[in-house]
Amino acid sequence: MNIQLASSASAHDLRAVPPELVQGQARPQVRIVIVGHVDHGKSTLVGRLLHETGSLPDGKLEMLKAVSARRGMPFEWSFLLDALQTERDQGITIDTTQIRFRTNAREVVLIDAPGHAEFLRNMITGASQADAAVLIIDAAEGVRDQTRRHGYLLHLLGIRQVAVVINKMDRVGFSHARYREISDEICAHLDGLGVSPTAVIPISARDGDGVAARTPQIGWYVGPTVVEALDQLAPARQMDELPLRLPVQAVYKFDDRRIVAGRVESGALKVGDEIVIMPAGKIARVKTVEGWPVTPVSAPQGAGRSVGITLDRELFLERGDVIAHSSALVRDTRRLKARIFWLHDTPVTAGATMLVRLGTMESRATVVAIENAVDPGELSSVGTRSIGRNHVGEIDLSLAQPIAADTYSDNPRTGRLVIEVNGRIAGGGLVLSVDAGARGVPVDIVPVESALRPDERSARFRHKGAVIWLTGLPASGKSTLARALERRLFSRGGSPIMLDGDTLRAGLNGDLGFSAEDRSENIRRLAEVASHLARNGHVAIVAAVSPGFADRAQARRIADELFHEVHVATSAEVCEARDPKGHYRKARAGQIHGFTGTDGGYQPPTNAELVLDTGTKSVAEATDEIERMLAQRGVLFEELADLAANI
Amino acid sequence: MDHLDQLEAQSIYILREAFARLKKLALLWSLGKDSNVMIWLARKAFFGRVPFPAMHVDTGKKFPEMYAFRDQYVKEWGLDVRIEPCPPIDAVDPTLPPAARSAARKTEGLKLALAKHGFDGLIAGIRRDEEATRAKERVFSPRGTEGGWDVRDQPPEFWDQFNASPPPGAHLRVHPILHWTEADIWAYTQRENIPIIPLYLSKNGKRYRSLGDADITFPVASAASTIAEILHELEQTKVPERAGRALDHETEDAFERLRVSGYL
């Protein structure tokens with residue numbers, strides 16, 4: 001709205017100004033939303049509130065009165081809000097508007113939200129930004145379906161401060177009995193949701209009774225007026241007292257700094273803090289807090305700050321991870337239960353797959369089960385097997401990847417999620433419970449750093465640490481090449497270590513079979529071991545079929561900039577003709593199943609650093625090529641001078 | 001955290017979300033006070049650099065002071081600037097009133113620039129308190145393939161979760177300072193010492209509150225010759241910010257019609 005808000009000179013200025021509000025000092029800001037059934041008078045109340053608090057721009061009221069006269073219709077307070085042409089034509093509010101005004105004790109940001117069921121997504125968009133709500137009920141019509149639905153949604157949006165306003169009291173002759181009847185009904189409904197109203201106020205928004213003044217018509221009422229009720233609202237809940245939660249938005253490498261960026265959702269963080277990166281459970285210390293134009297920043301960073309930090313060690317972390325302190329960890333899980341509201345035309349059913357966003361994390365998810373689905377507008381709640389549009393329910397979700405999450409009761413910021421369908425937000429809700437993952441809670445894990453610096457080793461080995469990841473069909477020549485490369489690097493004084501997929505399956509990975517999940521885990525362990533070696537200055541040569549694109553992408557993420565992928569792209573015919581282990585023959589005979597060489601399950605890399613065909617090249621030629629690639633990428637070097645200068 | 005800290009942190013969060021989730025971003029730089037604050041916020045978000053182009057859709061009719069400002073700060077701020085021209089007035093919907101028609105050139109220029117660069121996200125410095133239709137905006141606001149805005153079919157947006165998947169051929173507008181007010185912009189400009197175009201400050205009893213094309217933008221009566229005085233003036237005034245922008249006042253729905261067809 002182009003309502004410039006304005007002086008505090010107003011009708012209710014005669015009341016005492018609270019002592020903490022010295023002239024010129026900022027009032028606490030509260031964001032409030034007015035909700036309720038369509039036509040119960042939300043926009044009228046907003047218009048009246050603006051008038052009563054002296055917040056209207058000069059001439060606005062007169063202009064709208066003139067427009068009304070020109071159109072031959074009586075002036076309504078709601079016209080102030082129905083600023084869009086289309087709305088005036090239709091006579092209903094279709095979206096949220098934000099209006100600011102001041103009461104004696106509060107800076108109020110007022111969000112008007114549409115009551116029409118058609119526009120529930122707009123009501124939610126508006127109400128989700130509020131610290132408190134005013135639920136409006138028409139005294140003549142009483143509690144209606146949308147009144148109940150909005151009450152329920154306030155609860156699901158986490159809004160616990162609710163003032164109820166019973167409007168149009170003039171239509172029921174300012175009847176105390178009617179007031180009590182409605183008050184009892186709505187209080188019972190809200191109590192059932194765990195919400196107790198701060199006040200139930202009888203008003204006539206059109207005439208002004210109960211809005212800023214207690215008029216004789218409602219002489220039987222002893223509670224606060226609407227303006228007084230607004231003065232008593234508590235500002236947004238402080239998240240500083242809760243444990244640290246810093247969801248990672250991105251990792252920036254604009255220069256030689258590797259800055260982890262995100263917003264502190266709760267708690268606080270400072271330089272030197274030991275932090276745990278969830279869901280992986282990796283531990284590091286905060287080396288610096290980066291800023292601009294001044295950097296580094298020494299002050300602790302509290303809840304609400306958008307920050308950038310560097311860590312004391314090179315760890316793989318990515319958008320979606322959550323940084324916490326080891327004393328109060330966020331949980332890692334692939335299963336969670338949530339109470340959601342649903343806005344999409346297609347109902348949610350068990351078995352549906354969708355995209356879940358929680359903080360900065362996103363994951364594919366499958367609905368395992370649905371419970372307690374209800375239409376919150378109806379009085380009787382009949383449970384069904386699906387959650388329809390504008391309904392609510394509890395869903396049990398299975399996530400495609402582990403995520404870090406809290407329950408809503410533990411942390412409102414990291415305990416709520418939204419659901420996307422076809423790239424559009426389709427619902428949202430609160431996390432009720434989290435099934436902690438099988439992974440042990442790594443409270444006692446403190447990695448010990450090597451006594452040697454990486455450059456000490458590289459000076460001796462004349463190479464940097466690296467992971468050479470050889471992927472390709474069975475019998476494509478990976479192990480042969482790995483062995484040749486190992487010999488070559490060792491001969492020049494290096495420290496190569498071969499990790500053969502089959503060899504590791506005999507020990508470290510002896511517990512794993514060949515299911516898709518086990519194969520992924522096999523690759524993950526290979527990547528973790530290899531990147532540990534590489535970070536300590538060795539060249540880890542991994543020879544593994546690693547057929548899946550996603551698994552190799554994960555390996556690349558783990559080893560990060562140390563990763564060098566070599567696609568051994570020997571043709572399938574050549575591989576099958578070689579068949580040194582007899583696997584192709586057995587697979588063709590039906591003796592082994594799910595063999596990558598014959599089932600077409602190999603997904604060739606699209607971004608390998610090097611592609612080699614051992615069908616057309618000798619082992620020595622192929623090894624030469626890898627060596628050349630490593631030299632070009634700065635892994636191998638001849639000159640010691642530069643490095644020696646740094647030691 | 002004070003009020004300005006909160007606004008800043010929220011805007012930085014939005015800018016980083018846009019950078020993380022969209023492939024080809026540009027920031028619309030109108031040279032005015034709002035978009036200068038936005039560039040400042042982007043430099044805070046990304047530690048000194050703006051990692052996407054700043055696009056100035058140039059009507060060719062801005063004040064000379066605005067062009068001087070642009071040329072100076074492109075260099076000082078290290079911006080990757082794209083200056084895009086607008087088509088001649090004849091190419092614009094002749095049923096619009098004169099000032100709106102003039103402003104609509106910018107929409108056409110914007111559409112041409114979008115087609116030329118293939119941006120999937122445009123960061124724009126509009127604010128809810130400026131104008132009634134802007135109050136209806138989302139932070140991430142999908143636009144149709146023609147750049148149009150369907151105010152009736154906006155997806156829900158809550159808990160800082162944004163709809164960042166525009167359909168093929170369409171783009172998203174991202175509004176990092178949607179929640180700021182005019183007074184917030186000035187208070188922050190003062191606190192951070194952000195450079196401004198001198199036209200905003202009073203000269204001979206008049207100053208510009210909002211800057212657009214030189215032929216359809218008019219100064220307001222004001223004695224405010226410092227930012228502190230502007231802030232004091234805003235405390236008192238009940239005149240809307242865009243009162244000096246002719247295109248807002250020609251007919252009741254001129255601005256809305258412009259926005260539905262893709263105006264900022």
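Note that the coordinates shown come from a computational prediction; the quantities given were computed from them, not determined experimentally. (Residues numbered from 1 in each chain as written. Chains lettered and ligands numbered in written order. Predicted model: local features only at pLDDT ≥ 70, side-chain atom pairs only at ≥ 80, totals over all residues.)

1. Focus: the overall build of chain A
Tallying secondary structure elements over chain A gives 17 helices and 25 strands in all. Out of the 647 residues in chain A, the part that is buried amounts to 46%. Contacts spanning at least 24 positions in sequence make up 73% of the contacts within chain A whose residues lie at least 6 apart. (Helix = DSSP H or I, 4+ residues; strand = E, 2+ residues; numbered from the N terminus. Buried ≥ 20, exposed ≤ 12 C-beta atoms within 10 Å, placed from the backbone. Contact = placed C-beta atoms within 7 Å.)

2. Digging into the overall build of chain B
Helix and strand content of chain B: 7 helices and 8 strands. The C-alpha atoms of chain B give 17 Å as radius of gyration, which agrees with the globular expectation for 264 residues (18 Å, within 12%). Considered along the principal axes of its C-alpha atoms, chain B spans approximately 50 × 50 × 35 Å. With 264 residues in all, chain B has 53% of them scored as buried. When contacts within chain B are restricted to residue pairs at least 6 apart in sequence, those whose partners lie at least 24 apart make up 75%. (Rg over C-alpha atoms; globule rule 2.2 N^0.38 Å.)

3. As for the domain arrangement of chain B
Residue and element names in this part refer to chain B. The domains assigned to chain B are domain 1 (3-180 + 252-260) and domain 2 (183-248). If you look at the interface, domain 1 gives 26 residues, while domain 2 gives 24 residues. Taken together, the elements giving at least two residues each to the side of domain 1 that touches domain 2 come down to α1 (3-21), α2 (33-45), α3 (64-76), α4 (98-117) and α7 (254-260). No other element matches the 5 residues that α2 contributes to the side of domain 1 that touches domain 2. Considered class by class, the residues forming the side of domain 1 that touches domain 2 number 15 nonpolar, 4 polar and 7 charged. (Domains from an automatic or database assignment. Nonpolar A, V, L, I, M, F, W, Y, C, P; charged D, E, K, R; others polar.)

4. Looking at the nonpolar core
Among soluble globular proteins, nonpolar side chains are generally buried collectively. If you look at the biggest cluster of nonpolar residues, it comprises 177 residues, and the most contacted ones within it are I32, A127, A133, V165 and I166 of chain A together with L27 of chain B. Among the elements that line this core, the one with the most residues is α1 of chain B, at 8 residues. Core analysis: the second largest hydrophobic core is formed by 40 residues, L489, I523, A527 and L562 of chain A among them. (Core = buried A, V, L, I, M, F, W, Y, C linked by C-beta atoms within 7 Å.)

5. Examining unusual backbone geometry
A negative phi angle is the norm for most residues apart from glycine, just as the trans form is the norm for most peptide bonds. Residue and element names in this part refer to chain A. Omega for the bond connecting W292 with P293 falls within 30 degrees of zero, at 0 degrees, which places this linkage in the cis form. One can find P293 in the loop between β10 (282-290) and β11 (306-311). A positive phi angle, close to 50 degrees, is found at N372, a residue other than glycine. If you trace the backbone, N372 turns up in strand β16 (residues 361-374).

6. Considerations on the sheet that holds strand β21 (residues 466-471) of chain A
Residue and element names in this part refer to chain A. Spatially, β22-β23-β21-β24-β25 is the arrangement adopted by the 5 strands of the open sheet, whose pairing is parallel. Here the strands that pair on one side only, and so sit at the sheet edges, are β22 (496-500) and β25 (610-612). The sheet shows a mean angle of 20 degrees between the axes of neighbouring strands, taken without regard to direction. Two strands pair when backbone bridges link them, and β21 and strand β24 (residues 563-568) are joined in this way by 5 bridges, in the parallel orientation. In the strand pairing of β24, T471 is matched with H567. Packed on one face of the sheet, helix α11 (residues 516-535) meets β21, β22 and β23 (539-543) and runs near 160 degrees to β23. Along the sheet face, helix α16 (residues 619-632) touches β21, β24 and β25 and points at about 175 degrees away from the line of β25. (Pairing = 2+ DSSP bridges. Axes fitted to C-alpha atoms, helices over the stretch in contact; angles between N-to-C directions.)

7. A look at the sheet that holds strand β1 (residues 25-28) of chain B
Residues and elements named next belong to chain B. Within the open sheet, the 6 strands sit side by side as β3-β2-β1-β4-β6-β5. Their pairing is mixed. With one partner strand each, in any of the chains shown, β3 (81-85) and β5 (140-143) form the two edges of the open sheet. Averaged over neighbouring strand pairs, the angle between their axes works out to 30 degrees when direction is ignored. Across 3 bridges, strand β4 (residues 121-123) lies against strand β6 (residues 171-174) in parallel orientation. Across the sheet, the residue bridging to L122 is R173, located in β6.

8. So, the confidence of the model for chain B
In regions of low pLDDT, the predicted coordinates are not meant to be interpreted in detail. All names here are of chain B. Mean pLDDT for chain B: 88, with 91% of residues reaching 70 or above. Averaged pLDDT values over the elements of chain B bottom out at 67 in α7 and peak at 97 in α2. Two numbers describe this predicted complex: its pTM, 0.72, and its ipTM, 0.92. (pLDDT = per-residue confidence, 0-100.)

9. With respect to the packing of α1 of chain B against α2 of chain B
Residues and elements named next belong to chain B. Between α1 and α2, the least distance of the axes is 9 Å, while the angle of their chain directions is 75 degrees. Between α1 and α2, the angle is such that the two are roughly perpendicular. On α2, the residues touching E8, S11, I12, L15 and R16 of α1 are L41, A42, K44 and A45. (Parallel < 35°, antiparallel > 145°, perpendicular 65-115°, else oblique.)

10. Observations concerning the domain arrangement of chain A
Size of an interface, as often reported, equals the accessible area lost when the parts are brought together. Split into domains, chain A comes out as domain 1 (29-231), domain 2 (246-325), domain 3 (339-436) and domain 4 (454-642). Here the C-alpha centroids of domain 1 of chain A and domain 2 of chain A sit 43 Å apart.

11. Considerations on helix α6 (residues 227-236) of chain B
Residues and elements named next belong to chain B. All of the buried residues along α6 are I227, I230 and L234. In an axial view of α6, the angular spread of the buried residues amounts to 50 degrees, which keeps them on one side of the axis. Projecting away from the buried face of α6 at angles above 90 degrees are the exposed residues A228 and Q236. Buried-residue contacts for α6 involve α5 (182-192). (Arc of directions from axis to C-beta.)

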